[in-house]
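# Examining the three-dimensional arrangement
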Amino acid sequence: MLIKQIYDDMIAARKGSDAVTKSLMVTLYSEAAMVGKNKRNGDTTDDECIAVIKKFAANAEETRRLLAERGQDCSAQVREIEILECYLPQQLDHKGLDAVVHMIIHDMKLEGPKAMGTVMAELKKGYSGRYDGKMASDLVKAALAG
C-alpha cells in the first residue's frame, strides 16, 4: 500500500538531515492517513493517497510559480515536487490515452455519444489516477463522434 511506503519514507526522512524532505514527508503522511481515518476509521487507499499527493504537488507548483514570478528562491518547492512525483503513477500522455480509449471502445463494441459514461467508467476502473480527466473526456467524445 502506498500509505505504508509514505510512512516508511517519513521515518527515513526524520532520521536524515534534509529539512525539506523531513517536513514534506511528515505533513504528507499526516494528511494522507487522516483521509482513511475520517472516511471509515481505517487505512487510506492508494487512490486516496494519490489524490492527496496530487493536491500537495499542485500547491507546491503554485507556490513555486509565485516565488519565481517574484524572483525569489523556489528550490524547496522544486525539491518537494520531485519527491511527490516519485509517488505518482506514470501518467498517460495524449497518444497513450487515445490508444487506451480506442481500445476500450473497440473491445466493448461501443458507439455513439451515449456510451461516453461506459467508456469513462472503464477508463477509471483500469487507469485511475494515470490520466488527465479533461483530456480523457475530449478524447472519448471525439472517438465516439467519429
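Placed above this text is the structure.
Residues numbered from 1 in each chain as written. Predicted model: local features only at pLDDT ≥ 70, side-chain atom pairs only at ≥ 80, totals over all residues. Heavy atoms only, no water.

### Topic: unusual backbone geometry
The phi angle at N41 is positive, at roughly 55°, despite the residue not being glycine. Examined against the element boundaries, N41 turns out to sit in the loop between α2 (19-40) and α3 (46-69). (Helix = DSSP H or I, 4+ residues; strand = E, 2+ residues; numbered from the N terminus.)

### Some points on the packing of helix α1 (residues 2-15) against α2
The geometry of α1 relative to α2 is characterised by a closest axis approach of 9 Å and an angle of 150° between their N-to-C directions. Accordingly, the angle class assigned to the pair α1 and α2 is roughly antiparallel. In terms of crossing hand, the pair formed by α1 and α2 is left-handed. Residues I3, I6, Y7, D9, M10, A13 and R14 of α1 form the contact with α2, whose own contacting residues are T21, K22, M25, V26, L28, Y29, A32 and A33. Each residue belonging to the contact of α1 with α2 can be placed in one class, and the counts come to 11 nonpolar, 1 polar and 3 charged. (Axes fitted to C-alpha atoms, helices over the stretch in contact; angles between N-to-C directions. Parallel < 35°, antiparallel > 145°, perpendicular 65-115°, else oblique. Left-handed = near helix turned anticlockwise from the far one by under 90°. Contact = heavy atoms within 4.5 Å. Nonpolar A, V, L, I, M, F, W, Y, C, P; charged D, E, K, R; others polar.)

### Topic: the side chain of E48
With respect to the helices and strands, E48 occurs in helix α3. E48 sits in the buried class, given a relative accessible area of 13%. (Buried < 20%, exposed > 50% of the residue type's maximum accessible area, 1.4 Å probe, protein only.)

### Some words on the nonpolar core
L2, I6, M25, L28, I53, L84 and Y87 are the most contacted members of the largest nonpolar core, which totals 19 residues. The set of elements that each furnish at least two residues to this core consists of α1, α2, α3 and α4 (75-85). With 6 residues, the top contributor of residues to this core is α3. Setting aside residues no more than four positions away along its own chain, L28 makes contact with I6, V52, I53, F56 and L84. (Core = buried A, V, L, I, M, F, W, Y, C linked by side-chain atoms within 4.5 Å.)

### Quick word on α3
Count 3.6 residues to each turn of an α-helix, and residues three or four apart come out pointing the same way. Between the first and last C-alpha of α3 there are 34 Å, a value that for 24 residues agrees with the 34 Å anticipated at 1.5 Å per step. Buried-residue contacts for α3 involve α1, α2 and α4. Following α3 by one or two positions, G71 has its phi on the positive side, about 75°. (Expected span 1.5 Å × (residues − 1).)

### Some points on the pattern of salt bridges
With the rule as written, the count across this model stands at 11 salt bridges. Its salt-bridge partner being K4, residue D8 comes within 2.9 Å of it at the nearest N-O pair. Residue D8 and its partner K4 are both found in helix α1; the two are separated by 4 residues, about one turn of the helix. Overall, D8 belongs to the partly exposed group, its relative accessible area being 34%. Linking K134 and D138 is a salt bridge whose minimum nitrogen-to-oxygen distance equals 3.1 Å. Of this pair, K134 and D138 are both found in helix α7 (residues 133-145), 4 residues apart, which corresponds to roughly one turn of the helix. (Salt bridge = Lys/Arg side-chain N within 4 Å of Asp/Glu carboxyl O.)

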